[in-house]
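# Reading the structure
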Amino acid sequence: MNHFSYIDGELCCENVPLRRIAQDVGTPAYIYSHATLVRHFQAFDGSFKDLDHLTCFSVKACSNLAILNLLASMGAGVDIVSGGELHRALLAGVPADRIVFSGVGKTEEEIRDAVTAGILMFNVESHQEIDLLSRAAENLGKKARIALRINPDVDPKTHPYISTGLRKNKFGIPIEDAEEQYLRAAGLPGLEVVGIDCHLGSQITEVGPFVDGLNRLRNLLDQLKKRGLNIRYLDMGGGLGITYDTEQPPEPIDYARALKERLSGTDTTLILEPGRVIVGNAAVLLVQVLFTKKGATRNFLVTNGGMNDLVRPSLYGSYHAVWPVAKTDRPPTTVDVVGPICESSDFLAKERSLPEALPGDLLAVMSAGAYGFSMSSNYNSRRRAPEILVKGDAIHVIRRRETFEDLTRGEQIPDLG
Ligand SMILES: *Cc1c(COP(=O)(O)O)cnc(C)c1O
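Residues numbered from 1 in each chain as written. Predicted model: local features only at pLDDT ≥ 70, side-chain atom pairs only at ≥ 80, totals over all residues. Heavy atoms only, no water.

Here we come to the domain arrangement of the protein chain. For the protein chain, the assigned domains read domain 1 (4-32 + 280-408) and domain 2 (34-276). Averaged C-alpha coordinates put domain 1 and domain 2 at centres separated by 32 Å. With 23 residues of domain 1 at the interface, the matching set in domain 2 holds 22 residues. Applying the counting rule to domain 1 against domain 2 returns 0 salt bridges. Linking domain 1 to domain 2 there are 9 residue pairs in polar contact (both at pLDDT 80 or more). At the level of secondary structure, the elements contributing two or more residues to the side of domain 1 that touches domain 2 comprise α11 (312-316), β20 (387-391) and β21 (394-399). (Domains from an automatic or database assignment. Contact = heavy atoms within 4.5 Å. Salt bridge = Lys/Arg side-chain N within 4 Å of Asp/Glu carboxyl O. Polar contact = N/O pair within 3.5 Å; in protein donor to acceptor, adjacent residues only side chain to side chain. Helix = DSSP H or I, 4+ residues; strand = E, 2+ residues; numbered from the N terminus.)

In C-alpha cells, the structure reads:
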C-alpha cells in the first residue's frame with residue numbers, strides 16, 4: 001500500500017500532482033510520500049510490538065537526513081555500514097544507543113569514531129576485526145559492545161549480487177567457527193560480547209530463509225549460553241522484499257509471526273535492520289521524455305533520467321514499473337525506457353507496454369525509494385537529482401538539485417610548471 005495514485009487522470013503523490021512538482025523543481029527528481037514512510041515503518045515496527053525489539057533502519061537503502069530524522073522520531077534506530085553513515089545518523093538526531101554498525105571492511109578511524117559516539121553494538125565480521133576493535137576500544141579507555149555476524153549458509157533465493165548469507169559470500173564468520181571466535185572475543189579487554197547477528201541478503205520474498213537463519217542462530221545461542229556468555233541481542237538483519245512487479249513477499253506481520261514463534265524463551269532483545277521494505281515503495285523517480293526514437297528493431301523513449309539516477313535496472317536487471325504521469329487514451333506501444341548516458345546498459349525499463357508518448361511527457365519510475373538516490377552518482381557529470389518529500393498538500397525539498405559548482409567541488413588544477 002502506498003500513496004501514489006491517479007486523481008482525475010493525473011498521477012499524484014498524496015494530494016500533489018507530480019506534474020506540479022515537475023514544474024516547481026524540474027526533472028529528474030525523487031519524490032517521497034511522508035504518509036507511506038510512516039505507514040510502512042509503523043506496519044513493520046508494530047508487527048513486533050509485543051516483543052522486546054529495536055527496528056534499526058538500514059541507512060544505505062535511503063540516507064537522506066530528513067528521512068532518517070522522520071524514522072528516528074517514530075522510535076527507529078539505524079544500521080550503518082560506514083563512518084559517513086554514522087555522521088549522517090548522528091546529524092539526523094538518531095540517538096547513539098540506537099545505532100548498530102555492520103560491514104565487512106570497517107577502518108580503524110570508523111571504529112574509533114563509533115566507539116567514541118557510544119553506539120549500541122558493532123556487528124563484527126572477521127577475527128581480525130575482533131582484534132582491531134578490542135585494541136581501538138582499549139586505547140580509548142572504553143569497552144565496545146559486539147555481536148558476531150554469523151554466516152549461516154542459508155540460501156535467500158534472491159539475486160546473486162544481493163545474497164550475503166551463503167558460505168561463498170564475503171560476509172560474516174562461518175557458523176562452524178563461531179563458538180571459538182566468541183570465546184576468544186569474550187577474553188579480550190576492549191570488548192563486551194552481547195549479541196548474535198546475521199543478514200541473509202536483500203529482496204527476500206519468502207519466510208523460509210529467515211526461519212532457517214533464525215534456527216541456526218538459536219542453536220548457537222544455546223551453545224554460547226552453556227559456555228557462560230550473556231547474549232542479550234539477537235539481530236536478524238534486514239532483507240524482507242517488496243512488490244516491484246508480481247512478487248508476493250510476506251507481509252511484515254507474517255514475517256514477525258514466523259520469527260516470534262522461534263524466539264520464545266530466549267530472553268533477548270530482537271534487532272531488525274529493514275531497509276527496502278520501509279522505503280522501497282515510498283518514492284518514485286520522476287523523469288521527462290526527451291525524444292521518442294524508432295530503432296531498427298526496438299522503439300525507445302529517451303528520458304532525462306538515467307542509470308546515474310537509478311542504477312538498479314542496469315546493475316541487477318531489476319524491474320521497476322513505469323507509469324505515465326497523465327493518463328491518455330493514446331494506443332499502447334512497446335518501448336524501452338532509456339536514459340541519456342553513453343552506455344547500452346543505461347535503461348530504466350525494457351519492452352514495456354506504455355501509451356504512446358510524446359516529447360515533454362512525464363513518466364514515474366515506481367518503487368524507487370530503496371537503493372535509488374542512495375546509489376546515484378555523477379557519471380557523465382550529471383548533477384544528482386533533488387529529493388522531495390510530500391506531506392498532504394505540501395512539497396518539501398529535502399535535498400536540492402546539485403549545481404555545476406557541486407560537480408567540481410574539491411577538484412583543482414595544479415601548477416605543473
Ligand atoms: C543492506 C543491509 C540491510 C538492509 O537490507 P534490505 O534488503 O534493504 O532490508 C540490513 N543489514 C545489513 C547488514 C545490510 O547490509
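It is worth spelling out the pairing of strand β11 (residues 191-197) at this point. Within β11, 6 of the 7 residues are buried, which leaves the element mostly enclosed by the surrounding structure. Relative to strand β12 (residues 233-235), β11 runs parallel, the two sharing 3 bridges. Counted as the bridge partner of Asp197 is Asp235 from β12. Note that the unit made of β11, helix α8 (residues 208-226) and β12 has a crossover that is right-handed. (Buried < 20%, exposed > 50% of the residue type's maximum accessible area, 1.4 Å probe, protein only. Pairing = 2+ DSSP bridges. Right-handed = clockwise from strand over helix to strand, strands pointing away.)

Further remarks concern helix α7 (residues 178-186). Within α7 the residues assigned to the buried category are Ala178, Glu179, Gln181, Tyr182 and Ala185. One side of α7 carries all its buried residues, which in axial view fall inside an arc of 165°. Where α7 is buried, its residues touch α6 (127-139), β9 (144-151), β10 (173-174), β11 and α8. (Arc of directions from axis to C-beta.)

Okay, the site of the ligand next. As a structural note, the neighbourhood of the ligand is formed by 14 residues, with Lys60, Ser202, Gly239, Glu273 and Tyr371 the closest of them. Within the side chain of Asp79, one N or O atom sits 3.2 Å away from a nitrogen atom of the ligand. Between Tyr371 and the ligand, the recorded distance is 2.6 Å, taken from a side-chain N or O atom to an oxygen atom. About the coverage of the ligand: the protein hides 94% of its 390 Å² of free accessible area. Comparing atom positions with the cavity grids shows the ligand to sit within the largest pocket. (Near = heavy atom within 4 Å. Areas by Shrake-Rupley, 256 points an atom, 1.4 Å probe, with all protein chains shown as cover. 1 Å grid on protein atoms, 1.4 Å probe; cavity = no way out; pocket = protein on both sides within 12 Å on 5 of 7 lines; lining within 4 Å. Sits in = over half its atoms within 2 Å of the grid points.)

Within the fold, Gly241 resides in the loop between β12 and α9 (252-261). Remark: the alpha-carbon pair of Gly241 and Gly280, spanning 39 residues in sequence, is separated by 9.1 Å. In this structure Gly241 touches Gln203, Ile204, Pro249 and Val277, once residues within four positions along its chain are discounted.

In this structure, Tyr32, Phe122, Tyr182 and Leu259 are the most contacted members of the largest nonpolar core, which totals 98 residues. Tallying contributions element by element places α8 first for this core, with 6 residues. Residues Leu286, Met366, Ile388 and Val390 belong to the second largest nonpolar core, which totals 18 residues. (Core = buried A, V, L, I, M, F, W, Y, C linked by side-chain atoms within 4.5 Å.)

By volume, the largest pocket amounts to about 560 Å³. Lys60, Thr164, Phe171, His199 and Tyr371 are, among the 32 residues lining the largest pocket, the residues nearest its centre. Along the lines of polarity and charge, the residues of the lining of the largest pocket split into 11 nonpolar, 12 polar and 9 charged. There are two domains that each give the lining of the largest pocket at least three residues, and those are domain 1 (4-32 + 280-408) and domain 2 (34-276). (Points joined across faces, edges and corners; volume = space filled by probe spheres on them. Nonpolar A, V, L, I, M, F, W, Y, C, P; charged D, E, K, R; others polar.)

This part covers the packing of aromatic side chains. Under the counting rule described, the total for this entry stands at 7 aromatic pairs. On the numbers, 5.9 Å between centres and 25° between planes, the contact of Tyr6 with Trp323 is stacked. Taken together, the positions of Tyr6 in strand β1 (residues 4-7) and Trp323 in strand β16 (residues 322-324) put the pair 317 residues apart, joining distant regions of the chain. Residue Tyr6 is classed as partly exposed on the basis of its relative accessible area of 27%. Classification of Trp323 as partly exposed rests on a relative accessible area of 31%. Aromatic side chains Phe44 and Tyr255 sit 5.9 Å apart centroid to centroid with 40° between the ring planes, which places their arrangement in the tilted category. Linking Phe44 in helix α2 (residues 34-46) with Tyr255 in helix α9, this pair joins segments that are 211 residues apart in sequence. Taken as a pair, Phe44 and Tyr255 share a single burial class, namely buried. One aromatic cluster is present, built from ring pairs that chain together Phe44, Phe48, Phe210 and Tyr255. A cation sits over an aromatic face here: Lys327 above Tyr6, 4.4 Å from the ring centre. (Phe/Tyr/Trp six-rings, centres within 6.5 Å; stacked < 30°, edge-to-face > 60°. Lys NZ or Arg CZ within 6 Å of the ring centre and 35° of its normal.)

Right, let's talk about the side chain of Asp336 for a bit. Within the fold, Asp336 resides in strand β17 (residues 332-338). Exposure remark for Asp336: the relative accessible area of 3% places this residue in the buried category. Of note is the side chain of Asp336, whose polar atom sits 2.6 Å from the side chain of Arg298. Here Glu351 takes part through its backbone nitrogen, which lies 2.8 Å from a polar atom of the side chain of Asp336. Excluding residues that lie within four positions of it along the chain, Asp336 makes contacts with Arg298, Asn299, Phe300, Leu301, Ala349, Lys350 and Glu351.

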